[in-house]
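# Chains, contacts and geometry: an overview
Spelled out from the first residue to the last, the chains are:
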Amino acid sequence: MTFRVLTGMFAHETNAFSKLPTEIDNFRDYVLLFDDEVAPGVAGSVIEPQGVIDAATELDWELLQTVAAWAVPSGPVARDVWNLCAGAILDAAAGGGFDGVLLPLHGAMATVDFDDAEGELLEQLRNRIDADIPVAITLDLHANVTDRMARYADIICAYRTYPHIDQIDTAKRAAKILDRAMRGEVRPKTVVARRPALEGLDDGRTTTENPMTELLRRAQKLEATDAGVLTISIHAGFTPADLYEAGPTVSVTGDGADERFNAIAEEFMDYAWKTRHFDSNTYYGVAEGLAEVNRLLDEAGNGPIVVSDFSDNPGAGAYSDSTFLLQGMIDADLENAAFATICDGEAAAELIAAGEGATVEVTLGGKVDPTYGPPLTLTGEVIRVTDGSYVALGPRWRGVTQNLGPTAVFRVNGVDIVVATHRMQVTELETYTHAGIEPRDKAVVAVKSMHHFRAAYAPIAKAIVVIDAGALATKDCSKLPFTRLRRPIFPIDLD
């Protein structure tokens with residue numbers, strides 16, 4: 001029997017405290033495809049819609065494609081974007097004629113109208129389809145899973161890697177459970193557990209031994225030995241979400257309603273709570289971090305020292321125009337260094353207008369909120385001008401075209417600064433190489449990223465230094481002005 005499956009990706013990781021709205025152009029700058037555009041638009045990529053397509057081929061499904069939409073994290077999603085993208089899914093659902101639903105979502109999206117956008121989408125979806133049609137969703141490992149999401153999704157299947165490099169595998173895992181449900185072999189039901197915590201599970205990192213990797217091992221063992229456990233998802237949560245239920249969760253999708261599935265979720269969360277203080281990172285301030293960089297420069301070894309500008313990570317909704325680390329690198333008289341990226345469209349336009357080879361003075365960065373690093377007035381040379389467009393080749397976004405917008409490389413003393421028009425987390429070597437910079441040949445390479453950069457940069461790095469300069473995505477979440485978050489909560493009020 002050939003099943004017909006409705007599918008659509010509508011994903012955004014929303015920083016509730018960002019001043020930057022998320023509008024339709026933000027999706028156009030990354031992924032925005034509809035209906036028959038989806039399959040050719042994602043072909044060759046490693047994102048979830050391609051995994052759904054691969055699964056449909058393997059399982060002999062017919063897909064009803066609706067939308068594939070993803071944008072760089074920023075503030076709440078605009079109403080017209082919701083109407084367009086959620087509307088594409090909901091309109092197709094109202095038309096009927098399908099046996100199941102598989103939606104790649106994120107799990108931490110908010111819109112101007114809905115704090116729990118995925119919960120809202122799933123409830124509206126359920127109101128349009130027959131009660132016996134199974135609904136599966138995939139989620140980012142940093143999802144804030146609400147009770148509402150678990151109520152309206154039969155199957156929840158989250159990534160198991162951070163950096164996220166298993167999007168296709170995750171889509172296929174969800175698809176296989178959905179296929180069994182459509183065949184009547186299983187009747188999936190999902191339960192979720194949480195604690196009074198906003199942080200935990202080592203932020204979900206899977207590049208070291210930690211509470212996250214321990215729970216993932218336990219999950220895979222249970223899935224292999226207990227036929228009723230269809231999948232277990234471990235979610236580290238997304239901190240800058242002004243949502244009552246934000247924070248780490250465990251969801252268990254089991255065959256039917258059985259109290260043991262709740263017990264598993266609670267046992268896993270007991271462990272997450274017990275280990276909530278574990279953090280595998282060492283966070284430096286700017287001065288201390290650059291002192292560590294200078295120490296490492298004197299040590300033997302090949303490859304660049306990679307510096308993570310942790311708190312100005314656009315992948316967490318930060319503005320990517322904080323100047324604290326850049327100022328420190330310039331003041332430290334670093335040689336053969338590179339910095340990516342400063343998002344400043346005005347400065348990029350000035351540099352591009354001056355042209356390659358020109359020596360110019362520009363005011364750079366610090367324009368969205370100078371609290372996170374004031375504008376710098378710098379004199380340097382324009383080394384390269386590009387359109388900022390390239391195809392990612394790394395394990396995180398391979399096959400996806402990234403668009404920095406008009407971009408210039410600006411050399412100030414010994415630092416080559418990639419000045420971009422659009423915000424983009426630096427996860428790919430191509431952010432540099434497309435602009436004529438080979439990061440392997442640099443002594444120091446700074447990236448605006450918390451952790452995803454490790455997928456492409458750790459293999460070439462001599463060492464990695466993580467600097468929290470106190471920008472919008474700082475580790476210190478007590479600085480965020482929550483109004484809806486449940487309280488008391490760790491680490492703001494408890495411990």
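Our structure's up above, just so we're on the same page.
Here's what I pulled together on the structure shown here. What you see is a predicted model, and the numbers here were worked out from it, not measured in a lab.

## Focus on the sheet that holds strand S7 (residues 188-194)
- Across the sheet, 3 strands lie side by side as S7-S9-S8; this open sheet has antiparallel pairing. Of all the strands in the sheet, just S7 and strand S8 (229-235) have a single pairing partner and so form its edges. On average, each strand axis in the sheet is tilted by 15° relative to the strand beside it, whichever way the strands run.
- Here S7 runs beside strand S9 (residues 249-255); their pairing, made up of 7 bridges, is antiparallel.

## Things to note about helix H10 (residues 286-297)
- With 12 residues, H10 ought to run about 16 Å at 1.5 Å a step, and its terminal C-alpha atoms sit 16 Å apart, in line with that.
- For H10, the full list of buried residues reads Val 286, Gly 289, Leu 290, Glu 292, Val 293 and Leu 296. An end-on view of H10 places all buried positions within 155° of arc, on one side of the element.
- Buried positions along H10 lie against strand S10 (283-284), strand S11 (305-309), helix H11 (324-331), strand S19 (444-447) and strand S20 (463-467).

## Things to note about the sheet that holds strand S1 (residues 4-11)
- The mixed open sheet is built from 6 strands, whose spatial order is S2-S3-S1-S4-S5-S6. Strand pairing shows two members of the sheet lacking a second neighbour, strand S2 (31-34) and strand S6 (155-158), which therefore form its edges. Here the average twist between neighbouring strands, direction ignored, is 15°.
- In this sheet, strand S3 (residues 62-70) lies alongside S1 in parallel orientation, the contact comprising 7 bridges. Within S3, the position partnered with Ala 11 by the bridge is Trp 70.

## Re the environment of Leu 325
- Within the secondary structure, Leu 325 is located in helix H11.
- Taking the C-alpha atoms as reference points, Leu 325 and Glu 118, separated by 207 residues in sequence, lie 35 Å from one another.
- With residues near it in sequence (within four places) discarded, Leu 325 still touches Val 286, Leu 290, Val 307, Asp 309, Phe 339, Ala 446 and Ile 467.

## Thoughts on the packing of aromatic side chains
- Taken as a whole, this structure holds 10 aromatic pairs when the rule is applied.
- Taking 6.2 Å as the distance between ring centres and 45° as the angle between the ring planes, the aromatic pair formed by Tyr 319 and Tyr 372 counts as tilted. Taken together, the residues span a long stretch of sequence, with Tyr 319 in the loop between S11 and H11 and Tyr 372 in the loop between strand S13 (359-364) and strand S14 (376-386) at a distance of 53 residues.
- Residue Tyr 372 is classed as buried on the basis of its relative accessible area, which comes to 19%.
- In textbook terms, an aromatic cluster arises when at least three aromatic residues are bridged by ring pairs, as seen for Phe 10, Phe 27, Trp 82 and Phe 114.
- Note that Arg 218 overlies the ring of Tyr 271, its terminal NZ or CZ placed 4.4 Å from the centroid.

The rules behind each value
- Residues numbered from 1 in each chain as written.
- Predicted model: local features only at pLDDT ≥ 70, side-chain atom pairs only at ≥ 80, totals over all residues.
- Heavy atoms only, no water.
- Pairing = 2+ DSSP bridges.
- Helix = DSSP H or I, 4+ residues; strand = E, 2+ residues; numbered from the N terminus.
- Axes fitted to C-alpha atoms, helices over the stretch in contact; angles between N-to-C directions.
- Expected span 1.5 Å × (residues − 1).
- Buried < 20%, exposed > 50% of the residue type's maximum accessible area, 1.4 Å probe, protein only.
- Arc of directions from axis to C-beta.
- Contact = heavy atoms within 4.5 Å.
- Phe/Tyr/Trp six-rings, centres within 6.5 Å; stacked < 30°, edge-to-face > 60°.
- Lys NZ or Arg CZ within 6 Å of the ring centre and 35° of its normal.

So, to be careful, I would describe these as geometric facts and stop short of saying anything about function.
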